[in-house]
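# Descriptive structure summary
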Amino acid sequence: MEKIGYLYDPFFMLHDTGPGHIETPRRVEAIDELVTEKYDFIPIPSRMGDKEELLMVHDDEYIEWIEHGYENGVRMIISADTIVSELSYDVALKAATSTKNAVEFFKNGGKRAFLNLRPPGHHAETITGQGFCIFNNVAMMARYAQEAGYAKVIIIDFDVHHGNGTQEIFYEDPTVFYFSTHEKNNYPYFTGSADETGKGAGLGYTKNIPYHDYLEDHELIGYYDELPKDFDFDIVLVSAGYDLMKEELISTAQITFEGIRTVVRKILDYAGDKPVAFLLEGGYNIDSLVKSVDVTLEELEQ
Ligand SMILES: [Zn+2]
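Fair warning: this is a prediction, and the values are worked out from it, not measured in the lab. (Residues numbered from 1 in each chain as written. Predicted model: local features only at pLDDT ≥ 70, side-chain atom pairs only at ≥ 80, totals over all residues.)

### Structural notes on the overall build of the protein chain
- Counting secondary structure elements, the protein chain contains 8 helices and 10 strands.
- In terms of C-alpha radius of gyration, the protein chain reaches 17 Å, essentially the compact-globule figure of 19 Å for 302 residues.
- Expressed along its principal axes, the backbone C-alpha trace of the protein chain runs to roughly 50 × 50 × 40 Å.
- Scored against the burial criterion, the 302 residues of the protein chain give a buried share of 50%.
- For the protein chain, long-range pairs separated by at least 24 residues make up 76% of all intrachain contacts whose partners lie at least 6 apart in sequence. (Helix = DSSP H or I, 4+ residues; strand = E, 2+ residues; numbered from the N terminus. Rg over C-alpha atoms; globule rule 2.2 N^0.38 Å. Buried ≥ 20, exposed ≤ 12 C-beta atoms within 10 Å, placed from the backbone. Contact = placed C-beta atoms within 7 Å.)

### Details of the pairing of strand E6 (residues 153–157)
- Counting buried positions along E6 yields 5 of 5 residues, so the element is predominantly enclosed.
- Neither face of E6 is exposed, since Val-153, Ile-155 and Asp-157 on one face and Ile-154 and Ile-156 on the opposite face are all buried.
- In this sheet, strand E7 (residues 176–183) lies alongside E6 in parallel orientation, the contact comprising 5 bridges. Residue pairing in the sheet places Ile-154 in a bridge with Phe-177 of E7. (Pairing = 2+ DSSP bridges.)

### Brief notes about the pairing of strand E5 (residues 112–115)
- Of the two faces of E5, both are covered, the one formed by Arg-112 and Phe-114 as well as the one formed by Ala-113 and Leu-115.
- Relative to E5, strand E1 (residues 4–7) is paired through 4 bridges, and the arrangement is parallel. Paired with Gly-5 across the two strands is Ala-113, which belongs to E5.
- By the bridge criterion, 4 bridges tie E5 to strand E10 (residues 276–280) in an arrangement that is parallel. Bridged to Arg-112 within E10 is Val-276.

### Some points on the environment of Asn-108
- Looking at the secondary structure, you find Asn-108 in the loop between helix H3 (88–107) and E5.
- Taking the C-alpha atoms as reference points, Asn-108 and Thr-197, separated by 89 residues in sequence, lie 34 Å from one another.

### Some remarks on the environment of Lys-229
- Its location among the elements puts Lys-229 in the loop between helix H6 (217–223) and strand E9 (235–240).
- Linking Lys-229 and Tyr-270, residues 41 residues apart in sequence, is a C-alpha distance of 9.0 Å.

### With respect to the packing of helix H7 (residues 257–271) against helix H8 (residues 286–301)
- Orientation of H7 relative to H8, taken along the N-to-C sense of each, is 35°, at an axis distance of 9 Å. In this structure, H7 crosses over H8, and the sense of that crossing is right-handed. Two secondary-structure elements touch here, H7 through Phe-257, Ile-260, Arg-261, Val-264, Arg-265 and Leu-268 and H8 through Lys-291, Ser-292, Val-295, Thr-296 and Glu-299.
- For the contact of H7 with H8, the per-class residue count stands at 5 nonpolar, 2 polar and 4 charged. (Axes fitted to C-alpha atoms, helices over the stretch in contact; angles between N-to-C directions. Left-handed = near helix turned anticlockwise from the far one by under 90°. Nonpolar A, V, L, I, M, F, W, Y, C, P; charged D, E, K, R; others polar.)

### Side note on the packing of helix H1 (residues 26–38) against H8
- The contact between H1 and H8 brings their axes to 9 Å, and the two run at 45°. Relative to H8, the element H1 lies oblique. At the point where H1 passes H8, the crossing takes the right-handed sense. Each of Arg-26, Arg-27, Ala-30, Ile-31 and Leu-34 in H1 lies in contact with H8, whose residues at this interface are Ile-286, Leu-289, Val-290, Val-293 and Asp-294. (Parallel < 35°, antiparallel > 145°, perpendicular 65-115°, else oblique.)

### Comments concerning helix H4 (residues 137–147)
- The buried count for H4 comes to 9 of 11 residues, which makes it a mostly enclosed element.
- Along H4, the residues that are buried comprise Asn-137, Val-138, Ala-139, Met-140, Met-141, Ala-142, Arg-143, Tyr-144 and Ala-145.
- Lining the buried residues of H4 we find H3, E6, helix H5 (164–170), E7, E9 and E10.
- Where H4 terminates, the next one or two residues include Gly-149, which has phi positive at roughly 110°.

### Structural notes on the confidence of the model for the protein chain
- Taken as a whole, the protein chain shows an average pLDDT of 97; of its residues, 99% reach a score of 70 or greater.
- Of all the helices and strands in the protein chain, strand E3 (residues 76–77) carries the lowest mean pLDDT, 88, while E6 carries the highest, 99. (pLDDT = per-residue confidence, 0-100.)

### Things to note about the nonpolar core
- Among the nonpolar cores identified, the biggest contains 87 residues, and Met-141, Leu-237 and Leu-279 are the most heavily contacted of them.
- The element contributing the most residues to this core is H3, with 10 residues.
- Every residue in contact with Leu-237, bar those within four places of it in the chain, is listed here: Val-138, Met-141, Ala-142, Val-153, Ile-155, Ala-277 and Leu-279. (Core = buried A, V, L, I, M, F, W, Y, C linked by C-beta atoms within 7 Å.)

### Section: the sheet that holds E1
- The strand order across the open sheet formed by 8 strands is E2-E1-E5-E10-E9-E6-E7-E8, and the pairing between neighbours is parallel. Sheet topology places strand E2 (42–44) and strand E8 (206–211) at the edges, where each strand pairs with a single neighbour. Neighbour to neighbour, the strand axes of the sheet diverge by 15° on average, direction disregarded.
- Relative to the sheet, H7 contacts E6, E9 and E10, its axis offset from that of E9 by approximately 165°.

### Section: the environment of Pro-119
- Along the chain, the position of Pro-119 falls in the loop between E5 and H4.
- Looking at Pro-119, the number of C-beta atoms within 10 Å reads 28, which means it is buried.
- For the pair Pro-119 and Tyr-211, spaced 92 residues apart in sequence, the C-alpha to C-alpha distance is 25 Å.
- If near-sequence neighbours (up to four positions away) are discounted, Pro-119 is found in contact with His-15, Glu-23, Val-91, Ala-92, Ala-95, Phe-132, Cys-133 and Ile-134.

Structure representation (structure tokens):
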């Protein structure tokens, strides 16, 4: 049985999206209650990194704009879905820079980790947040991993939405492979087509599998046979978004708990003996979210 690292900080609840927003603090709190009750994981401490660390992924003007956004009257990024509250910058900075400690956990011999992060990150591009995301957590972890010697990183994204931010950040980079399965007729709508495969030196290091509405388990599971076979990765990072479950109203996908279990198992088999971190992205129906994370954690323990 694998010892699993687990990263969470109640501070992640303090990004205040306001009443009626589906990206609520309750999401990470409910997952933490599950972990506390059922699992015996190794705690990975959170950390508040320096804002300069964000420059590995984000533009300095964007970082400054978010840092001073609330005091300057900014209440949202681009559209009303991505809220800037009084503590949003600090929470997002802490979530993104805490991922460095998960890399440290792997350097010290850990093999698998679950990062219960908030806000999510995969829609955040170099110069802007969007889609509930402020800073790109998984992209930050990829860069920390490379600093620590994990030269080649694969990011696997099963969130129902395309991780446009992650794709954009690494689009010309052959050292980070981005693999995404996502609902075609869904946010962010204009990225994630199958013919977006990278650019320049990064050509061939992005793979998108957009899918039709009302996707079923066997179809999603089949897509995970298409993980790249010739990319010699050193670490696997998973953008684990659970908004593809059939209980979710944000998509039409019909994925069951046994379906997501099989996908997680296939990712773990693919990773082999390389370290694997699951970073929370979407998932908004609390009951479904907790149960699908539970299934993920059961597989991680195997
Ligand atoms: Zn999503």
